Structures are given as C-alpha cells and as structure tokens.
Amino acid sequence: MLLPPRLKRELKTIAAMVKIYCSNHHDCPKGAVCESCTEFLEYAKKRLSRCPFKEKKPTCGKCTIHCYNKVMQAKARQIMRYSGPRILWNHPTLAFFHLLDGRRKIAEVRSCRRTVKNNQIK
Ligand SMILES: [Zn+2]
C-alpha cells in the first residue's frame with residue numbers, strides 16, 4: 001500500500017503508541033503486539049489509506065471526520081490518552097511532528113470536506 005509521507009508518519013506514530021500501550025496493558029511477549037492490538041493497527045491502516053485529506057490531514061484527534069467506528073474510536077482514545085505523553089520520551093521526533101500536524105489549520109481541513117461528501121467515505 002502506497003501512503004503519502006504524511007500518512008506514513010501518522011501510521012508510524014499510531015504504531016508506536018499502540019506498542020507502548022500494549023506492552024504495558026496486555027500480556028504479550030516483549031517487543032510483540034497482541035492480537036487485538038494488531039487488529040486495531042490494521043484497522044487504523046485501512047482508515048488512513050482512505051483518508052481524503054492526504055497531505056493536509058490534521059492529527060486524528062482533531063480531524064473533522066471521525067471515520068473510526070465506535071468500538072475502534074473508544075480504543076483509539078484509550079491508547080492515545082495513555083501513550084500520548086509517553087511517546088515524547090520514546091520517540092521525540094514523531095511526537096514533534098505530531099504536534100505540528102495537530103496545529104494544522106482547521107480551515108484547510110474544511111476546504112477538503114466537500115470532496116469528502118462527494119466521495120461518500122464509508
Ligand atoms: Zn495489546
């Protein structure tokens with residue numbers, strides 16, 4: 001799957017956060033991610049590959065379209081809340097970019113929204 005660099009970085013950030021969360025909450029061998037967390041990552045990857053914002057994407061927490069289903073959204077929130085502050089120590093570069101991406105102007109995002117409606121992202 002070919003993701004634009006912006007989305008690739010987002011995926012890397014999500015993967016890093018899931019890893020931190022999983023290794024502290026679930027019983028799995030060191031360095032590995034458990035089944036349900038792998039499933040979550042796969043889901044996130046799929047959603048990202050369909051993200052209509054591409055390079056203009058804000059961070060998922062600030063996105064105007066919430067494309068995750070309820071269960072996955074709850075899981076994402078849980079993971080981000082736990083790993084968000086911790087990623088700063090483990091992956092300062094990713095955290096830095098995440099901060100920048102999060103500051104992307106919402107106006108930019110709004111202008112993309114029309115396209116989204118026409119494409120009927122599901
Ligand atoms: Zn896990």
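Residues numbered from 1 in each chain as written. Predicted model: local features only at pLDDT ≥ 70, side-chain atom pairs only at ≥ 80, totals over all residues. Heavy atoms only, no water.

Visitor: Hey, could you run me through the overall build of the protein chain in this one?
Guide: When you go through the protein chain residue by residue, the secondary structure sums to five helices and zero strands. Along the protein chain, helices (α) and strands (β) appear in the sequence α-α-α-α-α when read from the amino end. Within the protein chain, buried positions represent 35% of all 122 residues. At a minimum sequence separation of 6, the contacts of the protein chain that also span at least 24 residues come to 78%. Here the protein chain displays about 8,100 Å² of accessible surface, and carbon together with sulfur accounts for 56% of that area. (Helix = DSSP H or I, 4+ residues; strand = E, 2+ residues; numbered from the N terminus. Buried < 20%, exposed > 50% of the residue type's maximum accessible area, 1.4 Å probe, protein only. Contact = heavy atoms within 4.5 Å. Areas by Shrake-Rupley, 256 points an atom, 1.4 Å probe, with all protein chains shown as cover.)

Visitor: Sorry if this is basic, but what is going on with the confidence of the model for the protein chain here?
Guide: Parts of the model with low pLDDT should not have their predicted coordinates read in detail. Mean pLDDT over the protein chain works out to 80, with 82% of the residues at or above the 70 mark. Per-element confidence in the protein chain is highest for helix H2 (residues 35-49), whose mean pLDDT is 92, and lowest for helix H5 (residues 106-119), whose mean pLDDT is 53. (pLDDT = per-residue confidence, 0-100.)

Visitor: Is there a simple way to think about the packing of helix H1 (residues 5-25) against helix H3 (residues 70-90) in this case?
Guide: Packed helices, taken two at a time, are described by the angle between their axes plus the distance between the axes. As a packed pair, H1 and H3 sit with axes 8 Å apart at the nearest point and diverge in direction by 105 degrees. In terms of orientation, H1 and H3 fall into the roughly perpendicular class. Residue-level inspection shows Thr-13, Ile-14, Ala-16, Met-17, Val-18, Ile-20, Tyr-21, Asn-24 and His-25 of H1 in contact with H3, the latter providing Gln-78, Ile-79, Met-80, Tyr-82, Ser-83, Gly-84, Arg-86, Ile-87 and Asn-90. (Axes fitted to C-alpha atoms, helices over the stretch in contact; angles between N-to-C directions. Parallel < 35°, antiparallel > 145°, perpendicular 65-115°, else oblique.)

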